[in-house]
Amino acid sequence: MSMSGNRKIAFEIVYSLESQNVKYEDYKENVDMFFEEKEVHGKSTSKFIKDIVYGTKRHGKQIKKQIEDCLSEKWSYDRVSKINIAILEIAIFEMLYLKTPYKVAINEAVELAKAYGDAKAPAFVNGVLASIVKKNNLDEGESKN
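Residues numbered from 1 in each chain as written. Predicted model: local features only at pLDDT ≥ 70, side-chain atom pairs only at ≥ 80, totals over all residues. Heavy atoms only, no water.

## Examining the overall build of the protein chain
And then number 1: Secondary structure assignment for the protein chain yields seven helices and zero strands.
And then number 2: Tracing the protein chain from N to C terminus, the helices and strands come up as α-α-α-α-α-α-α.
And then number 3: Here the C-alpha atoms of the protein chain give a radius of gyration of 14 Å, agreeing with the 15 Å that 2.2 N^0.38 yields for 145 residues.
And then number 4: With the principal axes as the frame, the protein chain shows a C-alpha extent of 40 × 30 × 30 Å.
And then number 5: Burial analysis of the protein chain (145 residues in total) assigns 44% to the buried set.
And then number 6: Partitioning the intrachain contacts of the protein chain with sequence separation of at least 6 by distance along the chain shows that 71% fall at a separation of at least 24. (Helix = DSSP H or I, 4+ residues; strand = E, 2+ residues; numbered from the N terminus. Rg over C-alpha atoms; globule rule 2.2 N^0.38 Å. Buried < 20%, exposed > 50% of the residue type's maximum accessible area, 1.4 Å probe, protein only. Contact = heavy atoms within 4.5 Å.)

Following this line, the structure appears as structure tokens:
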């Protein structure tokens, strides 16, 4: 499976778990069921997806703060759709913790926003992530975190 396909599955899991308010201690059971349903195989594929799913939850407070700090005064975190939040969480986690080059993370996030969000989602996601890159002084190939 491609990296984009892996991110799509990670997004679907993150969005599903957050939408259902699944407790962290119940993640393993839910992730395992999702892997079975989507027929996810391979150690590297499942590790990458699990790293994102568990990492976004583990670093949730820091990631939420990153998002909040980049929203305009007209927007509050609670006004942002759950779809956009899940997309942003994954991209921010990848940039700051997995050291994914920001151009890759932003491009993948915008593609997810096009596929799952409303018409304004790609521009919104791109704008927030661009602000996070600037705020964190990220280089093209690495994270400063």
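Now, onward.
## What about the side chain of Arg7?
And then number 1: Relative to the assigned elements, Arg7 resides in helix H1 (residues 3–19).
And then number 2: Contacts of Arg7, omitting those with residues within four sequence positions, involve Phe48, Glu94, Thr100, Val104, Glu108 and Leu112.

## So, unusual backbone geometry
Keep in mind that most residues, glycine aside, have a negative phi and that most peptide bonds are trans.
And then number 1: Non-glycine residue Asn21 carries a positive phi angle of around 50 degrees.
And then number 2: Summarising the element assignment, Asn21 is placed in the loop between H1 and helix H2 (27–38).
And then number 3: Accessibility expressed as a relative area gives 61% for Asn21, which makes it exposed.
And then number 4: In this model, Glu39 sits at a positive phi of 55 degrees, which is unusual for a non-glycine residue.

## Comments concerning the packing of H1 against H2
And then number 1: Between H1 and H2, whose axes approach to 11 Å, the crossing angle comes to 135 degrees. It follows that H1 is oblique to H2 by the angle criterion. For H1 against H2, the interelement crossing comes out right-handed. Taken together, the residues of H2 that come into contact with H1 (itself represented by Ile9, Glu12, Ile13 and Leu17) are Tyr27, Asn30, Val31, Phe34, Phe35 and Lys38.
And then number 2: Here the residues of the contact of H1 with H2 sort into seven nonpolar, one polar and two charged. (Axes fitted to C-alpha atoms, helices over the stretch in contact; angles between N-to-C directions. Parallel < 35°, antiparallel > 145°, perpendicular 65-115°, else oblique. Left-handed = near helix turned anticlockwise from the far one by under 90°. Nonpolar A, V, L, I, M, F, W, Y, C, P; charged D, E, K, R; others polar.)

## Structural notes on the layout of surface pockets
And then number 1: Looking at the largest pocket, its volume works out to about 380 Å³.
And then number 2: In terms of lining, the largest pocket is formed by 18 residues, of which the most central are Glu18, Lys57, Tyr77, Lys82 and Glu89.
And then number 3: For the lining of the largest pocket, the secondary-structure elements that each account for two or more residues are H1, helix H3 (43–58), helix H4 (60–70) and helix H5 (82–96).
And then number 4: Of the residues contributing to the lining of the largest pocket, the split by class is seven nonpolar, three polar and eight charged.
And then number 5: Lining the second largest pocket, in full, are Trp75, Arg79, Val80, Ser81, Asn84, Asp118, Lys120, Ala121 and Phe124. (1 Å grid on protein atoms, 1.4 Å probe; cavity = no way out; pocket = protein on both sides within 12 Å on 5 of 7 lines; lining within 4 Å. Points joined across faces, edges and corners; volume = space filled by probe spheres on them.)

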